[in-house]
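Descriptive analysis of the structure
Listed below, chain by chain, are the residues.
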Amino acid sequence: EDIQYNWNVDDPNVLKIKFPGLNIFTRVTRRFSSSADPEGEDLRGDLRSMETSELFEQVFDKGVGVPKVKASRLITKWKWRSVQDTPEGEPQVIASQTLNNYVTPGDSADVSDLSFTNLSEPASIYKYKMAFFSV
């Protein structure tokens, strides 16, 4: 059986994925982004940077019992250079991500009031580094 998904470019905050035996509903509840200055340039001029943050909830439904709910915050720090300013063999874009997962009320079938304001410290933290090269 194939994996099915539903995502609308006009409503990018909602993603639904159906796996055999598992439905995942993801909804971004808040977004934030900032750059070093309005042009996205830092003091060195040739290197641009941006930070993005997304708060989202995911509902995992296996079709039996109460669905599991996860609340997360993803922070991504981006740095990039133009193709001309990128030395040969070095990445044009680098990024580091931190994914914080929070404990959510597990015994409630009603997740309509899930709020990041009532979440404490993250239950788990994952960190990633990425590099993108021009071809």
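Since this is a predicted model, take the numbers as computed values, not measurements.

1. Thoughts on the overall build of the protein
Across its full length, the protein carries 0 helices and 7 strands. Scanning the protein from its N terminus toward the C terminus, one meets helices and strands in the order β-β-β-β-β-β-β. For the protein, buried positions account for 26% of its 135 residues. Roughly 9,700 Å² of accessible area belongs to the protein as shown, and the carbon and sulfur atoms make up 53% of that amount.

2. Here's the deal with the confidence of the model for the protein
Mean pLDDT over the protein: 85, with 79% of residues reaching 70 or higher. No element of the protein has a lower mean pLDDT than strand β4 (residues 47-61), at 91, and none a higher one than strand β7 (residues 124-132), at 97.

3. Considering the pattern of salt bridges
Tallied over the entire structure, the rule returns 3 salt bridges. Of the charged contacts, one joins R27 and E57 as a salt bridge, the two residues approaching to 2.5 Å between their closest N and O atoms. Separated by 30 residues along the polypeptide, R27 in strand β3 (residues 22-35) and E57 in strand β4 bring together distant segments of the chain. For E57, a relative accessible area of 4% translates into the label buried. Note that E90 and R81 form a salt bridge whose closest N and O atoms lie 3.3 Å from each other. A residue is classified by how much of its surface remains accessible, and E90, at 38% relative accessible area, is partly exposed.

4. What to know about the pairing of strand β1 (residues 4-8)
Of the strand pairs in this sheet, β1 and strand β2 (residues 11-19) are connected by 5 bridges, and their pairing is antiparallel. Among the inter-strand pairings, N6 is bridged to a residue of β2, identified as K16. Count of turn residues in the β1/β2 antiparallel hairpin: 2 residues.

5. As for the environment of A71
Along the chain, A71 falls in strand β5 (residues 68-81). With relative accessibility at 0%, the residue A71 sits in the buried group. Spatially, the C-alpha atom of A71 lies 9.7 Å from that of T26, the residues being 45 residues apart in sequence.

6. With respect to a nonpolar patch on the surface
Taken together, the side chains of Y5, W7 and V9 define a hydrophobic patch exposed on the protein surface, amounting to about 390 Å² of accessible area. By the element assignment, V9 lies in the loop between β1 and β2. Overall, V9 belongs to the exposed group, its relative accessible area being 58%.

7. A word on the environment of N13
Within the fold, N13 resides in strand β2. Sequence separation between N13 and T29 is 16 residues; the distance between their C-alpha atoms is 7.4 Å. Those residues in contact with N13 that sit more than four places away from it in its chain are T26, R27, V28 and R31. Among the polar contacts listed, one links the side chain of N13 to the side chain of R31, at a separation of 2.7 Å.

8. Digging into the environment of R30
Along the chain, R30 turns up in strand β3. Each C-alpha atom of the pair R30 and L55 lies 5.1 Å from the other, and the pair is 25 residues apart in sequence. Not counting chain neighbours up to four residues away, the residues in contact with R30 comprise S53, E54 and L55.

Each value, and the rule that gives it
- Residues numbered from 1 in each chain as written.
- Predicted model: local features only at pLDDT ≥ 70, side-chain atom pairs only at ≥ 80, totals over all residues.
- Heavy atoms only, no water.
- Helix = DSSP H or I, 4+ residues; strand = E, 2+ residues; numbered from the N terminus.
- Buried < 20%, exposed > 50% of the residue type's maximum accessible area, 1.4 Å probe, protein only.
- Areas by Shrake-Rupley, 256 points an atom, 1.4 Å probe, with all protein chains shown as cover.
- pLDDT = per-residue confidence, 0-100.
- Salt bridge = Lys/Arg side-chain N within 4 Å of Asp/Glu carboxyl O.
- Pairing = 2+ DSSP bridges.
- Patch = residues over 30% accessible without salt bridge, like charges linked within 9 Å, V, L, I, M, F, W, Y side chains within 5 Å.
- Contact = heavy atoms within 4.5 Å.
- Polar contact = N/O pair within 3.5 Å; in protein donor to acceptor, adjacent residues only side chain to side chain.

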